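What follows is the residue order along each chain.
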Protein chains: 2
Amino acid sequence: MGQPIRIAIAGHGNLGRGVEAALTRCPDMTLTGIYTRRDPGQIRPMKAATPVHPMAALAGHADCIDVLILCGGSKEDLPRQGPELAGSFNIVDSFDTHARIPEYFAAVDAVAAPAGRTALISAGWDPGTFSINRLMGEALLPEGTTYTFWGKGVSQGHSDAIRRVPGVAAGVQYTVPVPEAVAQVRSGTRPTLTTRQKHTRECFVVLEDGADAEAVRKAIVTMPHYFDEYDTTVTFVDAETLRREHAAMPHGGFVIRSGVTGKGNAELIEYGLTLASNPEFTSSVLVAYARAVHRLHRMGRHGALTVFDVPPGLLSPRSAEQLRAELL
Amino acid sequence: MGQPIRIAIAGHGNLGRGVEAALTRCPDMTLTGIYTRRDPGQIRPMKAATPVHPMAALAGHADCIDVLILCGGSKEDLPRQGPELAGSFNIVDSFDTHARIPEYFAAVDAVAAPAGRTALISAGWDPGTFSINRLMGEALLPEGTTYTFWGKGVSQGHSDAIRRVPGVAAGVQYTVPVPEAVAQVRSGTRPTLTTRQKHTRECFVVLEDGADAEAVRKAIVTMPHYFDEYDTTVTFVDAETLRREHAAMPHGGFVIRSGVTGKGNAELIEYGLTLASNPEFTSSVLVAYARAVHRLHRMGRHGALTVFDVPPGLLSPRSAEQLRAELL
């Protein structure tokens, strides 16, 4: 299969560790290095032989990296790193602030295109494979309604919001689809559902010493944007219970397109994920798209791209001939 | 949005009628004509204004057709029509004899590539969107197992096989996934399932006058390739019941990828279809891929292609900017 694709990781949090793990299952790729803003000596790579460098060393390593996977956060890291690095590297990232995608895309494209680099932004599952299914559902069934449900799973943004409430020592928030709403959508009736009807939010909170539980509960359930439009439950637990029962990062959800063809025949397309580890799955998606980015770059496809621009065949290590013979 | 894409239909059976219906929901496309081997005077197009021509007229109409959708069958029609027409037209078809795809692809490519035409073969749902999900499931979760279940739905091939049994006047065969097998797969245990464990086959049969029911039943359930590896039930009904209760063409099924990430976190991807009309849904897929073929042809992408080669964005009438802003 020729030389393995040389992958590097920028940022070694949950996502970076997930990319490391995913690469061990991809014999056509090799991890050339991990780049971190922390002290490289503090990083324990999965394979002891993997070099760990300070982020500043990246600039000198452009020649030995085929694709750089950016594993930072969408709030602070990527808006700065994407445009900074897309001029010297082919990159893949999981930028997931939906409302800012057009602006981020433009910023990355402005750097990558003139430099002849290929930059795939917003890979993962939402944005990512969920987006592909929203697009395809609508394209295949133009008359219809698309529903996205998330969960049951831990929302990082909402968990962070809880932890900012005065009196909260620690907390985890689960987004949970309402079973009745899901059943209605699957029945093909195409209901109009409000935010409150689609999801509930379940919070598990450890109080600080002396905090007023009722005040904390009220501050959470009335929090604008995050909780006020949902039915939210708050359960107080001790720190040990939170650690034991709520440390995992499961997630998932589904995209359903409910439409009609002909003279009213009901057609339903459903794409669902049940993930034991949200960051590890997202990392696995990043790695598959890194393979595609490497190929697109060699084909001369430069500038910023999204999952919408990638032919599925480029995600697979198999040849086009094999894919047609074995998977079509 | 510029000039509408000029679509023509070759063959006016269930699939051709489905394409007609699907086009009424695509304002960016226009149906320029229906081509048939039957007497054009016998064809009733959905819109009275749609011209109906004999198949032989196609040759003279190449200049006014952007994409020709081949709506013939995979057994008799397409193996001849595909290579014959791919030199003069951009085509889309639903060639679905899985074992013969490589050979059919080569035959179409040999004609389309030198002629500078774009030919997308084997669109639909299986092969088609199911194939995309088999490919992506494997690419995103390299350590795992892929399961395809079909049904509950009418299998045309198996219904035809029943009807060839002596003593059978009419018959319909349903392929039905075994609920226990599906539940096992969804649980993430990655079972090894035999053919018999995955699907059952239910036959509804109208006997000819004087036929021996038990002999017919036995001939069906022991039929090699079609039924001998399955648990098959045969229910005898009268012609009126068959017409009333078994005339619809529902189908569907699901593709499940059950895999692991990291140190054994279970991840499950499931893509499912519940179709009231199998041919109408297949036709809707053909129409969306016709849009992509038109665009790929204009981009200079010639020769034979499959759904694996098509970026999802090209299936949608929306612009890339809109897609990023609204669906990503």
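This text goes with the structure placed above it.
Just so you know, these numbers come straight off a predicted model, no measurement behind them.

**Section: the packing of helix 4 (residues 129-140) of chain A against helix 4 (residues 129-140) of chain B**
Relative to each other, helix 4 of chain A and helix 4 of chain B sit at 175°, their axes nearing to 14 Å. The orientation of helix 4 of chain A with respect to helix 4 of chain B, classified from their angle, is roughly antiparallel. On helix 4 of chain B, the residues that touch Thr129(A), Ile132(A), Met136(A) and Leu140(A) of helix 4 of chain A are Thr129(B), Ile132(B), Met136(B) and Leu140(B). Residue composition of the contact of helix 4 of chain A with helix 4 of chain B, grouped by class: 6 nonpolar, 2 polar and no charged.

**So, the pairing of strand 11 (residues 231-236) of chain A**
Remember that side chains alternate between the two faces of the sheet whenever the strand is regular. Residues and elements named next belong to chain A. Of the strand pairs in this sheet, strand 10 (residues 199-207) and strand 11 are connected by 6 bridges, and their pairing is parallel. By the bridge assignment, Glu 202 is partnered in strand 11 with Thr 233. Assessed by its sense of winding, the connection that carries the chain from strand 10 through helix 8 (residues 213-221) to strand 11 is right-handed.

**Description of the interface of chain B and chain A**
With 63 residues of chain B at the interface, the matching set in chain A holds 63 residues. For the pair chain B and chain A, the summed buried surface comes to about 5300 Å²; carbon and sulfur atoms form 63% of the total. If you look at where chain B meets chain A, you find 4 salt bridges. One salt bridge connects Arg318(A) with Glu138(B), and the closest N-O pair in it is separated by 2.6 Å. At the junction of chain B with chain A, the criterion picks out 32 residue pairs in polar contact (both at pLDDT 80 or more). Among the elements of the structure, helix 3 (101-115), helix 4, strand 12 (251-261), strand 13 (265-275), helix 10 (278-298) and helix 11 (320-326) of chain B are those that each provide at least two residues to the side of chain B that touches chain A. Ranked by the residues each element gives to the side of chain B that touches chain A, the list is headed by strand 13 of chain B, at 11 residues. A breakdown of the residues in the side of chain B that touches chain A according to their chemical character gives 35 nonpolar, 15 polar and 13 charged. With 9 bridges connecting them, strand 13 (residues 265-275) of chain A and strand 13 of chain B associate as antiparallel partners.

**Some remarks on the relation of the copies chain B and chain A**
Rotating chain B by 180° and translating it 0.0 Å along the rotation axis places it on chain A, where the RMSD comes to 0.0 Å. As the rotation angle and translation indicate, the two copies are arranged about a two-fold axis. The overlap is high: 100% of the interface residues of chain B also sit at the interface in chain A, so the same surface is used on both sides.

**Things to note about empty space enclosed by the protein**
In this approach the atoms are scanned with a rolling probe the size of a water molecule, which exposes any empty space left behind. In the structure shown here, the tally under the stated rule is 5 cavities of 30 Å³ or more. For the largest cavity, the calculated volume is near 180 Å³. Considered class by class, the residues forming the lining of the largest cavity number 12 nonpolar, 6 polar and 1 charged. Taken together, Ala22(A), Arg25(A), Cys26(A), Ser284(A), Val287(A), Ala288(A), Ala139(B), Leu140(B), Leu141(B), Pro142(B), Val260(B) and Thr261(B) form the lining of the second largest cavity.

**A few points about the sheet that holds strand 7 (residues 144-150) of chain B**
Judged by pairing direction, the sheet is antiparallel, and its 6 strands sit side by side in the order 7(A)-12(A)-13(A)-13(B)-12(B)-7(B) without closing on themselves. Unpaired on one side and paired on the other, strand 7 (144-150) of chain A together with strand 7 of chain B mark the two borders of the sheet. This sheet shows a mean twist of 5° between the axes of neighbouring strands, independent of strand direction. Against the sheet, helix 6 (residues 179-186) of chain B makes contact with strand 7, strand 12 and strand 13 of chain B, and its axis sits at roughly 30° relative to strand 12 of chain B, the strand it touches most.

**Here's the deal with helix 6 of chain B**
A turn of α-helix holds 3.6 residues, and therefore any two residues three or four places apart point the same way. Residue and element names in this part refer to chain B. Three or more residues of helix 6 are buried, namely Ala 181, Val 182 and Val 185. All buried residues of helix 6 project into a common sector of 100° when viewed along the axis, lining one side. Exposed side chains of helix 6 directed beyond 90 degrees from the buried face belong to Pro 179 and Glu 180. Buried residues along helix 6 sit in contact with strand 7, strand 9 (168-177), helix 7 (195-198), strand 12 and strand 13. With its phi angle positive at about 90°, Gly 188 sits one or two positions after the end of helix 6.

**Focus on the sheet that holds strand 10 of chain A**
Residue and element names in this part refer to chain A. Here 4 strands make up an open sheet; going across it, the order is 8-9-10-11 and the pairing mixed. Looking at strand neighbours, the two that pair on one side only are strand 8 (153-154) and strand 11, the edges of this open sheet. As judged from the 9 bridges shared by strand 9 (residues 168-177) and strand 10, these two strands associate in the antiparallel manner. Looking across to strand 10, one finds that Val 176 is bridged to Thr 200. Set on the sheet, helix 5 (residues 156-163) makes contact with strand 8, strand 9 and strand 10; between it and strand 9 the angle comes to about 145°. Of the strands in this sheet, strand 9, strand 10 and strand 11 are in contact with helix 8, which crosses strand 11 at around 150°.

**Looking at the nonpolar core**
Generally speaking, soluble globular proteins have nonpolar side chains that are buried together. Counting 144 residues, the largest nonpolar core has Leu68(A), Tyr289(A), Leu68(B) and Tyr289(B) as the members making the most contacts within it. Look past the residues within four positions of Tyr289(B) in its chain and what remains in contact with it is Met136(A), Val92(B), Leu120(B), Ala123(B), Ile132(B), Val307(B), Val310(B) and Leu315(B).

**Focus on the pattern of salt bridges**
Within this structure, the stated rule accounts for 34 salt bridges over all chains. A salt bridge links Arg244(A) to Glu240(A), with the shortest nitrogen-to-oxygen separation between them at 3.7 Å. Residue Arg244(A) and its partner Glu240(A) are both found in helix 9 (residues 239-245); the two are separated by 4 residues, about one turn of the helix. A salt bridge links Asp126(B) to Arg134(B); the shortest N-O distance between them is 2.8 Å. A single salt-bridge network, built from bridges that share partners, covers Glu240(A), Arg243(A), Arg244(A) and Glu245(A).

What counts, and where the lines are drawn
- Residues numbered from 1 in each chain as written.
- Chains lettered and ligands numbered in written order.
- Predicted model: local features only at pLDDT ≥ 70, side-chain atom pairs only at ≥ 80, totals over all residues.
- Heavy atoms only, no water.
- Axes fitted to C-alpha atoms, helices over the stretch in contact; angles between N-to-C directions.
- Helix = DSSP H or I, 4+ residues; strand = E, 2+ residues; numbered from the N terminus.
- Parallel < 35°, antiparallel > 145°, perpendicular 65-115°, else oblique.
- Contact = heavy atoms within 4.5 Å.
- Nonpolar A, V, L, I, M, F, W, Y, C, P; charged D, E, K, R; others polar.
- Pairing = 2+ DSSP bridges.
- Right-handed = clockwise from strand over helix to strand, strands pointing away.
- Buried area = accessible area lost by both parts, 1.4 Å probe.
- Salt bridge = Lys/Arg side-chain N within 4 Å of Asp/Glu carboxyl O.
- Polar contact = N/O pair within 3.5 Å; in protein donor to acceptor, adjacent residues only side chain to side chain.
- Least-squares fit on C-alpha atoms with pLDDT ≥ 70 in both.
- 1 Å grid on protein atoms, 1.4 Å probe; cavity = no way out; pocket = protein on both sides within 12 Å on 5 of 7 lines; lining within 4 Å.
- Points joined across faces, edges and corners; volume = space filled by probe spheres on them.
- Buried < 20%, exposed > 50% of the residue type's maximum accessible area, 1.4 Å probe, protein only.
- Arc of directions from axis to C-beta.
- Core = buried A, V, L, I, M, F, W, Y, C linked by side-chain atoms within 4.5 Å.

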